[in-house]
Amino acid sequence: MAEREHEHVGHEHVRVAVVGSGFGGLGAAVRLRREGITDFVVLERAGSVGGTWRDNSYPGCACDVPSHLYSFSFAPNPEWPRTFSGQRHIHAYLEHVADVFRLRPHLRFDSEVTRMTWNGELLRWDIETTSGNLSADVVVSATGPLSDPKIPDIPGLDSFPGKVFHSARWDHGYDLRGKRVAMVGTGASAIQIVPNIQPRVGRLTLFQRTPPWVMPRVDRAISGAERALHRALPFTTRLRRGVLWGIRELQVQAFTKHPHELGFVEQLAKRNMARAIKDPALRAKLTPDYRIGCKRILLSNDYYPALARPNVDVVAAGLAEVRGSTLVAADGTEAEADAIVFGTGFHVTDMPIAERVVGADGRTLAETWKDGMEALRGSAAAGFPNFMTVIGPNTGLGNSSMILMIESQLNYMADYLRQLDVLGGRAALDARPAAVRAWNHRVQQRMRRTVWNTGGCTSWYLDAHGRNTTVWPGTTSEFRRATRHVDLGEYDVLRASDRKGAEAVA
Ligand SMILES: Cc1cc2nc3c(=O)[nH]c(=O)nc-3n(C[C@H](O)[C@H](O)[C@H](O)COP(=O)(O)OP(=O)(O)OC[C@H]3O[C@@H](n4cnc5c(N)ncnc54)[C@H](O)[C@@H]3O)c2cc1C
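Worth saying up front: this structure is predicted, and the values here are computed from it rather than measured. For every chain, the first residue of the written sequence is number 1, and numbering continues from 1 along that sequence. Restriction of local features to residues with pLDDT of at least 70 applies here, the model being predicted, together with a cutoff of 80 or more for giving and counting side-chain atom pairs; totals for whole chains, interfaces and linings are based on all residues. Think of the side-chain values as coming from all heavy atoms in the structure, minus any hydrogens and water.

This part covers the side chain of glutamine 409. Inspection of the secondary structure puts glutamine 409 in helix H12 (residues 402-423). Side-chain polar atoms of glutamine 409 contact the backbone oxygen of glycine 378, separated by 3.0 Å. Contact partners of glutamine 409, with chain neighbours within four places excluded, come to Arg377, Gly378, Ser379, Thr389, Val390, Ile391, Gly392, Thr395 and Phe479. Starting at the N terminus, helices and strands are each numbered in turn, a helix being any DSSP run of H or I of at least four residues and a strand any DSSP run of E of at least two. Here a polar contact is recorded for every N or O atom pair within 3.5 Å, except that within protein the pair must consist of a potential hydrogen donor and a potential acceptor, and residues adjacent in sequence are included only if both atoms are side-chain atoms. Whether two residues are in contact is decided by their heavy atoms, any of which lying within 4.5 Å being enough.

For the rest of this paragraph, the subject is the sheet that holds strand E16 (residues 339-342). Strand order in the open sheet formed by five strands is E7-E16-E8-E9-E12, with parallel pairing between adjacent strands. Every interior strand has two partners, whereas the edge strands, strand E7 (163-166) and strand E12 (312-315), have only one. If you compare each strand with its neighbour and ignore which way they point, the axes differ by 15° on average. Relative to E16, E7 is paired through four bridges, and the arrangement is parallel. Bridging from a neighbouring strand, valine 164 pairs with isoleucine 340 of E16. In the packing of helix H5 (residues 188-197) onto the sheet, contacts are made with strand E8 (180-184) and strand E9 (203-207), and the angle to E8 comes to roughly 165°. Strand pairing is assigned whenever DSSP identifies at least 2 bridges connecting the two strands. As a rule, the C-alpha atoms of each element are fitted with a line to give its axis, helices using only the stretch in contact, and angles between N-to-C directions run from 0 to 180 degrees.

The next subject is the site of the ligand. The environment of the ligand is made up of 36 residues, and the closest members are Gly24, Glu44, Thr52, Asp64 and Tyr70. In the environment of the ligand, an oxygen atom lies 2.6 Å from a nitrogen or oxygen atom belonging to the backbone of aspartate 64. One nitrogen or oxygen atom from the main chain of valine 65 is found 3.4 Å from an oxygen atom belonging to the ligand. In short, Shrake-Rupley with a 1.4 Å probe defines the accessible areas, and a residue's cover is counted only from the protein chains shown. Protein contacts shield 96% of the accessible area of the ligand, which totals 990 Å² for the unbound molecule. When residues of the shell around the ligand are traced back to their parent elements, those giving at least two are helix H2 (23-34) and helix H3 (52-55). Proximity is defined per residue: if any heavy atom of the residue lies within 4 Å of a molecule or strand, that residue is considered near it.

Basic side-chain nitrogens of Lys or Arg form a salt bridge, by our definition, when they fall within 4 Å of a carboxyl oxygen of Asp or Glu. This structure, assessed with the given rule, holds 31 salt bridges. Here glutamate 44 ties to arginine 54 by a salt bridge, and the two come within 3.4 Å at their closest N and O atoms. With a gap of 10 residues between them, glutamate 44 in the loop between strand E2 (40-43) and H3 and arginine 54 in helix H3 connect regions that are remote in the sequence. Judged on exposure class, the residue glutamate 44 and its partner arginine 54 are both buried. The closest approach of N and O atoms between lysine 163 and aspartate 171, which form a salt bridge, is 2.7 Å. Connected through salt bridges with shared partners, the residues Arg31, Glu35, Asp415 and Arg418 form a single ionic network. Each residue's exposure class comes from its accessible area (1.4 Å probe, protein chains only) as a fraction of the maximum for that residue type: buried when under 20%, exposed when over 50%, partly exposed otherwise.

Domain assignment breaks the protein into domain 1 (2-148 + 348-503) and domain 2 (157-218 + 253-342). As used throughout, domain bounds are those supplied by an automatic or database domain assignment. Distance from the C-alpha centre of domain 1 to the C-alpha centre of domain 2: 32 Å. Between domain 1 and domain 2, the residue contacts involve 32 residues of the former and 28 residues of the latter. Using a 1.4 Å probe, buried area is obtained as the accessible area two parts lose upon being combined, added over both of them. Summed over both partners, the interface of domain 1 with domain 2 comes to about 2500 Å²; 51% of that surface belongs to carbon and sulfur atoms. Contact with domain 2 buries surface across domain 1, with Tyr58, Pro59 and Val451 losing the most and accounting together for 25% of the total. Across the contact surface, domain 1 and domain 2 share two salt bridges. The residue arginine 169 makes a salt bridge to aspartate 55 at a minimum N-O spacing of 3.8 Å. No other element matches the three residues that helix H14 (residues 451-454) contributes to the side of domain 1 that touches domain 2.

Here's what the structure looks like:
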């Protein structure tokens, strides 16, 4: 121990460095404290907690999984105002979690991680941030799968004289009233934005590469009586959550094993469209030609009605070029615009943090993942000892709450740290390449029959090679079981040798 302290004189060292303070990072922080670990920091590039729910403040931003399921199991909130609560309430919930679980002393804002390098001699991560350097025995990277906005490389965009912003960086200072606005993209954010800005703007042109399947959103205010019941009898909140979870758990079989059964759901979605869209030409433009569920199913009651309004044009092609204030679609359609809003998603399969993580052999995580992201149980990549990713490869969900997956990954993290304790001394765990391969082989085998791979669409679930490295092809309970314990047989145990650095001893 004395030797260890000496090693770190004049240098900050923590047991665990968590990167990111969204649901993943805050959840990790709570779990660490519950495991009795207080020697940790949470490094956050922004000035407050919240991640997704801090950054996405666009009009209409809300979750599309019911709030009682889209929240931590260990922090039930009897006060959710709606079945699908809005961004403001989810953000406030995360601030509340940071207070109630006494996470503030651990939070380090304005600390963007710029580099993390594995130090094989001292078995630690050397971390460079915009607010200073430190080292950690273990890194828990919770930088989010949807946290770095992606704006496509559109020729001429630089010459556009008007306003340009991404849905996740909404410019609230820009007044859209009466403006000619182009919305690029028709994903989960765009379908929330369109009905919210349509009444205000002069003209709205929607550039749609692929139409989404849109189902009705069963959203309503949660009554005062329900909230009082949840407050008085906390088990009713758990019960509600359990029912919401169970329904989704049953539904997932159709996505993962029986995509042909989804035809019935497509009929419901088509009826949802037909109710609002009377013009057959517009209906044709909006009708998807791929299996429902292949891309994320979107929920909205006001998207189609907004598209039917006279100040909206749907261009059934992507934005291909910008010539001054003229926007040109891939099919040659032209539209004039004062502002362009990109609802074009995020860097998901090419997560920027991977460029900044340098592993045992000197290669970055991005280089290691150049042919596709792979990690053991969605968490540990080979050659990156004591480095865990929360919402790593193949841990996303097409139909349920990501918080369920995050909590499973936190179980894994807790056991990982326990195993390191049991090993004692200076030790690190490095996922064995064979174990990583075997895990991913199983995942990809199961993926073959899922709707995400067979449904005939191109989605952000697929990487540049067409491989699905984002979604978990099973139920959340299966993932929970798979991440309950760390199997040491899947890891090499590294020990610091006296002078020569680390050596594998198992
Ligand atoms: C608009 C929108 C709606 C969504 N709705 C749902 C939903 O209804 N249901 C659902 O299950 N999921 C939904 N999601 C997915 C959502 O991202 C996850 O559910 C969850 O919030 C992810 O949490 P996270 O902590 O992993 O990532 P994030 O919330 O993205 O947090 C990552 C944090 O890491 C920080 N960070 C990143 N890089 C660095 C760095 N280098 N150094 C320091 N800090 C860094 C970021 O600033 C951020 O605060 C939605 C996503 C979006 C964008």
